[in-house]
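One-letter residues, chain by chain:
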Amino acid sequence: MLNLILFGPPGCGKGTQSARIANRYKLVHLSTGELFREEFRKGTQLGKDVIHFMKNGLLIPDPVVLKKLYRVASQYAHVPGLVFDGFPRTLNQAVVLDKMLDKKGIPISIVFCMVVDEEELINRMLNRGEDSGRLDDNEEIIHKRMDVYRNHTRLLKDYYGNQQKISYISGMAPVKVVSERIAQVVEYFLKTKEILTRAGLTHG
Ligand code: ADP
C-alpha cells in the first residue's frame, strides 16, 4: 500500500501531479475539491451546502469534509493506494486521517510539499480561470485562498515534518520534470521498504 499526500498552495500544480502519479503507480486519485465540485455539478444537497465556501475561497467545515472522506475512502478499501490532493487542509483533518489509516495499518507513506513562487501561483490561477470555469479562480478569491493556506494549511508542514514524512518538490519546473522528481522519491521509498521488509524490519 502506497499512500501519498500532495500538499501546497493553490495553483502549485498538485491536481496535475496527483493525477500523473496516480496513473503511474495505479493508485486512486482523491481530490476533495473535485469531489465537492462534482456534487455541485450534479445539483446535490451537499453541493448546494458547500458551494458558498468554495466560491468564497473558504474552508468547508471539517465535519462535512470528513464525512465525505469516510464515505469515499470506504469504497477504496482494496486499492493499491491513494493519492490525497487538497486533503488534509487543517490539523484536525490530518489527525483524523492518521487515526483512520493507522487503524487499518496503512499509514501515509510520503507527503510531497510543492513549492512555487507566489507571483507564479497567481498567474497560473488567473490563466486557468479563463477556461476552467472555476468560480474561485479570480483575483479577489485567489488572495483569500492564499490567506487560508498561510493561516491554516501551512501548519501541516510542521505536523508531517515531525513525522519525517515531508519531501519538498519545486513546482516551478515543467510538468514532466516535476513528475519525474516525485517518482524518484517514490522509487526510493519503495526500494527502502523492500529492503527493510526482506530484513524482517517492517510489517509491510
Ligand atoms: P486549490 O487547492 O487550487 O484551492 P481545490 O480543488 O483543492 O483547489 O479546493 C477548492 C476549494 O474546495 C477550497 O478553496 C475549499 O473551499 C474546498 N476544499 C477542498 N478540499 C478541502 C478540504 N480538505 N477542507 C476544506 N475545504 C476544502
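In the block above lies the structure referred to throughout.
For the structure given in this document, a descriptive report is provided here. Along each chain, numbering runs from 1 in the same order as the chain's sequence is written. Thresholds applied to this predicted model are a pLDDT of at least 70 for local features of residues and 80 or more for the giving and counting of side-chain atom pairs; totals over whole chains, interfaces and linings are not thresholded and use all residues. Only heavy atoms go into the side-chain values, all of them from the structure, while hydrogens and water stay out.

**Comments concerning the environment of leucine 46**
Under the DSSP-based scheme used, a helix requires at least four consecutive residues in state H or I and a strand at least two consecutive residues in state E, with every element numbered from the N terminus. Looking at where leucine 46 falls in the secondary structure, it is placed in helix α3 (residues 45-55). For every residue, the accessible area (1.4 Å probe, protein chains only) is compared with the maximum for its type, and the residue is labelled buried under 20%, exposed over 50%, or partly exposed between those bounds. Relative accessible area serves as the criterion here: at 22%, leucine 46 is assigned to the partly exposed category. With 89 residues separating them in the primary sequence, leucine 46 and leucine 135 have C-alpha atoms 17 Å apart. In this analysis, two residues are considered to be in contact whenever any of their non-hydrogen atoms come within 4.5 Å of each other. Apart from the residues lying within four places of it in its own chain, the contact partners of leucine 46 are Phe36, Glu39, Val64 and Lys68.

**Overview of the site of the ligand**
The full set close to the ligand counts 20 residues, and Lys14, Thr32, Arg37, Leu58 and Arg145 are the nearest of them. One of the side-chain N or O atoms of arginine 134 is found 3.1 Å from an oxygen atom in the ligand. Whenever a nitrogen or oxygen atom comes within 3.5 Å of another N or O atom, the pair is scored as a polar contact, on the condition that within protein one atom can donate a hydrogen and the other can accept it, and that pairs from neighbouring residues in sequence are kept only if both atoms are in side chains. A distance of 2.9 Å separates an oxygen atom of the ligand from a polar atom in the side chain of arginine 145. Using a 1.4 Å probe, accessible areas were evaluated by the Shrake-Rupley method; residue-level cover was limited to the displayed protein chains. Starting from 550 Å² of accessible surface for the ligand in isolation, the protein chains cover 96%. Only a single heavy atom is needed: when it lies within 4 Å of a molecule or strand, its residue is near that molecule or strand.

**Here's the deal with the packing of helix α2 (residues 32-42) against α3**
Two quantities define a packed helix pair, namely the angle between the axes and the distance from one axis to the other. Under this scheme, a helix contributes an axis fitted over its contacting stretch, all axes are lines through C-alpha atoms, and angles between N-to-C directions fall in the 0 to 180 degree range. In contact at an axis separation of 8 Å, α2 and α3 are set at 120° when each is read in the N-to-C sense. With respect to each other, α2 and α3 are oriented oblique. In the crossing of α2 with α3, the sense of the turn from one axis to the other is left-handed. Residues Gly33, Phe36, Arg37, Glu39 and Phe40 of α2 pack against Leu46, Gly47, Val50, Ile51 and Met54 of α3. Split into classes, the residues belonging to the contact of α2 with α3 amount to 6 nonpolar, 2 polar and 2 charged. When describing relative orientation, an angle under 35 degrees is termed roughly parallel and one over 145 degrees roughly antiparallel, while 65 to 115 degrees is termed roughly perpendicular and anything else oblique. Should the near helix be turned anticlockwise from the far one by less than a right angle, the crossing is termed left-handed; should it be turned clockwise, right-handed. Under this grouping Gly is polar, as are all residues other than the nonpolar Ala, Val, Leu, Ile, Met, Phe, Trp, Tyr, Cys and Pro and the charged Asp, Glu, Lys and Arg.

**A short note on unusual backbone geometry**
Most peptide bonds take the trans form, and the phi angle of most residues other than glycine is negative. Put simply, phenylalanine 87 and proline 88 share a cis peptide bond, and its omega is -5°. Within the secondary structure layout, proline 88 lies in the loop between β3 (82-85) and α5 (91-104). We note that lysine 26 has phi near 55°; this positive angle belongs to a residue other than glycine. Along the chain, lysine 26 turns up in the loop between α1 (14-25) and β2 (28-31).

**Considering the packing of aromatic side chains**
Two aromatic rings, drawn from Phe, Tyr or Trp (for Trp, its six-membered ring), form a pair once their centres lie within 6.5 Å of each other, and the interplanar angle then sorts them: stacked below 30 degrees, edge-to-face above 60, tilted otherwise. Following the criterion strictly, the structure yields 3 aromatic pairs and no others. Arranged with centres 6.1 Å apart and planes meeting at 45°, the rings of phenylalanine 7 and tyrosine 149 form a pair that is tilted. Of this pair, phenylalanine 7 sits in strand β1 (residues 4-7) while tyrosine 149 sits in helix α7 (residues 139-151), and the two are 142 residues apart along the sequence. Assigned by exposure class, phenylalanine 7 and tyrosine 149 land together as buried. Ring centres of tyrosine 159 and tyrosine 160 lie 5.0 Å apart, and the angle between their planes is 80°; on these two criteria the pair is classed as edge-to-face.

**With respect to the sheet that holds β1**
By way of backbone hydrogen bonds, the strands of a sheet pair with one another, either parallel or antiparallel. One bridge is not enough; two strands pair if DSSP finds at least two bridges between them. Strand order in the open sheet formed by 5 strands is β2-β3-β1-β4-β5, with parallel pairing between adjacent strands. Each edge of the open sheet is held by one strand with a lone partner, namely β2 and β5 (166-170). Between one strand axis and the next, the sheet turns through 20° on average, direction left out of account. The sheet contact formed by β1 and β3 spans 3 bridges and is parallel. Along β3, the bridge assignment pairs leucine 4 with valine 83.

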